[in-house]
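The lines below spell out each chain.
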Amino acid sequence: MKNRIFTSLILAGIFTGAGFLTSCEDETFSDPILSLSETAVTAAPGEDVTITVTGTVDAELESIVITKLWDGAAQETETLTSIPSSYTYTVTNEDADHILTINFLITDVKGKTASVDLVITVKLTPRQLLLKYNWRLSEEIRKKTNADDINDVYNDDVYRFNADGTYDKSIGEKTDDFSDLWYNYCFYDLNDETLKLLMSRTGAFGEEVTDTLNITVIDDTKLYADVTYYDLDVFNTGSEATPYESVEEYEKRFVAVAKTGNFDPYMPGADDDNTGPANMCADVTFEND
């Protein structure tokens, strides 16, 4: 009987000691440590973001999971079995529509984890912004008076710029007495450094006109551009508080509009979408330095 009690005490001591050793063993492993050389960067679509990744684990590494998130929702996940020394991500056009985060999560064999986020602010270039949105003409500010001088028939005009160097204009429900019934909207050229935008039109007799807009502001809500108008003095009636001069400076203001499939070039309806009133676009060579 005594031997049985003694044996039981020994076994109990062994198990207690084993549990104590296991507990001590767990406590000797520190939590993983994970850091990035940068946690917030700004980049444009097409650009690479490269950061240095540093991580330490006392226990053996189980995995490192790298997750791309849009607005907090996971989009893509990559699982590695070793910590990379660096990580590179190429920003996409679609990323610009979301809060873009890259999450790094390491887990060791003891189940301990460490996590860190890389937040990428996506900044579109002026050209990318020009192509991303449609642009509705909303105001024409006369510099001489600082007042909106837009003709009502133009404030529903919407412009669409295409990647192939062409552009379209949706005239909307309000039509003017001449230009809307005469010109095709044809080609454009943007100087990426000066932001001078040249836009060609072709008339019904094949004549080519190029409009010049000097963009001063463009973002995801608005586009402002300086323009020069000529021969406005012919419109003076004598009743103007501030008569027009032969040369006047204006600021055209546009509102960004989401691109949708219901864009309607030229007049309302599909009949003129492919032809326009001039039924042609004259070739043009832009000089935009």
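For the structure, see preceding data.
Per chain, the residues get numbers from 1 upward, laid out in the order the sequence is written. Confidence filtering applies because this is a predicted model: local features only for residues at pLDDT of at least 70, side-chain atom pairs given and counted only at 80 or more, and all residues used for totals across whole chains, interfaces and linings. Calculated side-chain values reflect all of the structure's heavy atoms, with hydrogen atoms and water omitted.

1. Topic: the state of the cysteines
Disulfide: a covalent bond connecting the sulfur atoms of a pair of cysteines.
Okay, so step 1: Whenever a pair of cysteine sulfur atoms sits within 2.5 Å, that pair is classed as a disulfide. Counted according to the given criterion, the structure contains 1 disulfide.
Okay, so step 2: Each sulfur of the disulfide joining C186 and C281 lies 2.2 Å from the other. Its torsion about the S-S bond being -90°, the disulfide of C186 and C281 is classed as left-handed. Placement of C186 in strand β13 (residues 184-190) and of C281 in the segment after β17 (247-258) is noted, with a sequence separation of 95 residues between them. A run of DSSP states H or I qualifies as a helix once it reaches four residues; a run of E qualifies as a strand once it reaches two. Both are numbered from the N-terminal end.

2. A few points about the pattern of salt bridges
Okay, so step 1: By convention in these notes, a salt bridge is any Lys or Arg side-chain nitrogen within 4 Å of a carboxyl oxygen on Asp or Glu. All chains considered together, the criterion is met by 16 salt bridges.
Okay, so step 2: Here K68 makes a salt bridge to E76, at a shortest N to O gap of 4.0 Å.
Okay, so step 3: The exposure class of K68 is buried, given its relative accessible area of 8%.
Okay, so step 4: Three labels apply to residues, based on accessible area from a 1.4 Å probe with only protein chains included: buried if under 20% of the type maximum, exposed if over 50%, partly exposed otherwise in between. A relative accessible area of 47% means that E76 is categorised as partly exposed.
Okay, so step 5: One salt bridge in this structure joins K174 and D152, with 3.4 Å as the shortest N-O distance. Here the residue K174 occupies a position in the loop between β12 (167-170) and β13, and D152 occupies one in the loop between β10 (147-148) and β11 (158-161), the gap between them amounting to 22 residues.
Okay, so step 6: Taking the relative accessible area as the measure of exposure, K174 reaches 26% and is therefore partly exposed.

3. Overview of the packing of aromatic side chains
Okay, so step 1: Ring geometry is summarised as follows: Phe, Tyr and Trp rings, the Trp one being its six-membered ring, pair when their centres sit within 6.5 Å, and such pairs are stacked at plane angles under 30 degrees, edge-to-face over 60 and tilted between the two. For the structure shown, the criterion picks out 12 aromatic pairs.
Okay, so step 2: Seen in terms of ring centroids, Y159 and F254 are 5.8 Å apart; in terms of plane orientation they differ by 85°. Their pairing is edge-to-face. Here Y159 is found in strand β11, whereas its partner F254 is found in strand β17, with 95 residues between them in sequence. Of the two residues, Y159 and F254, neither departs from the other in class, the shared state being buried.
Okay, so step 3: Relative to Y188, the ring of F161 has its centre 5.2 Å away and its plane inclined at 85°; by these criteria the two rings are edge-to-face. Here Y188 lies in strand β13 and F161 lies in strand β11, a separation of 27 residues in the sequence.
Okay, so step 4: For F161, a relative accessible area of 4% translates into the label buried.

4. What to know about the sheet that holds strand β3 (residues 48-56)
Okay, so step 1: At least two DSSP bridges between two strands are needed for those strands to be called paired. Pairing is antiparallel across the open sheet formed by 3 strands, whose spatial order is β1-β3-β6. On the outer flanks of this sheet lie β1 (33-36) and β6 (86-90), each paired with one strand and no other. Between one strand axis and the next, the sheet turns through 25° on average, direction left out of account.
Okay, so step 2: The pairing of β3 with β6 spans 5 bridges and is classified as antiparallel. To get an axis, fit a line to the C-alpha atoms, keeping to the stretch in contact for a helix; angles then go from 0 to 180 degrees between the N-to-C directions.

5. Comments concerning the environment of D58
Okay, so step 1: Structurally, the position occupied by D58 is in the loop between β3 and β4 (61-70).
Okay, so step 2: By relative accessible area, D58 is classed as partly exposed at 46%.
Okay, so step 3: Spatially, the C-alpha atom of D58 lies 28 Å from that of V119, the residues being 61 residues apart in sequence.
Okay, so step 4: Whether two residues touch is decided by their heavy atoms; if any such pair falls within 4.5 Å, the residues are in contact. With sequence-adjacent residues up to four places away left out, D58 is seen in contact with T28, F29 and S30.
Okay, so step 5: Here a polar contact is recorded for every N or O atom pair within 3.5 Å, except that within protein the pair must consist of a potential hydrogen donor and a potential acceptor, and residues adjacent in sequence are included only if both atoms are side-chain atoms. A polar atom in the side chain of D58 sits 3.0 Å from the backbone nitrogen of S30.

6. Thoughts on the nonpolar core
Okay, so step 1: Counting residues in hydrophobic clusters, the biggest one holds 27 residues, and the most contacted among them are L130, W135, F161, L197, M199, I215 and L223.
Okay, so step 2: Counting residues per element, the ones that place at least two in this core are α2 (126-132), β9 (133-142), β11, β13, β14 (196-202), β15 (208-218), β16 (222-230) and β17.
Okay, so step 3: If we ignore the near neighbours within four places in the chain, the residues touching L223 are L130, W135, I215, V217, I218, K252, R253 and F254.
Okay, so step 4: With 23 residues, the next largest nonpolar core counts I66, L100, V116 and I120 among its residues. We call a set of buried residues a nonpolar core when its members are Ala, Val, Leu, Ile, Met, Phe, Trp, Tyr or Cys and they connect through side-chain atoms within 4.5 Å of each other.

In short, geometric facts, not functional conclusions.
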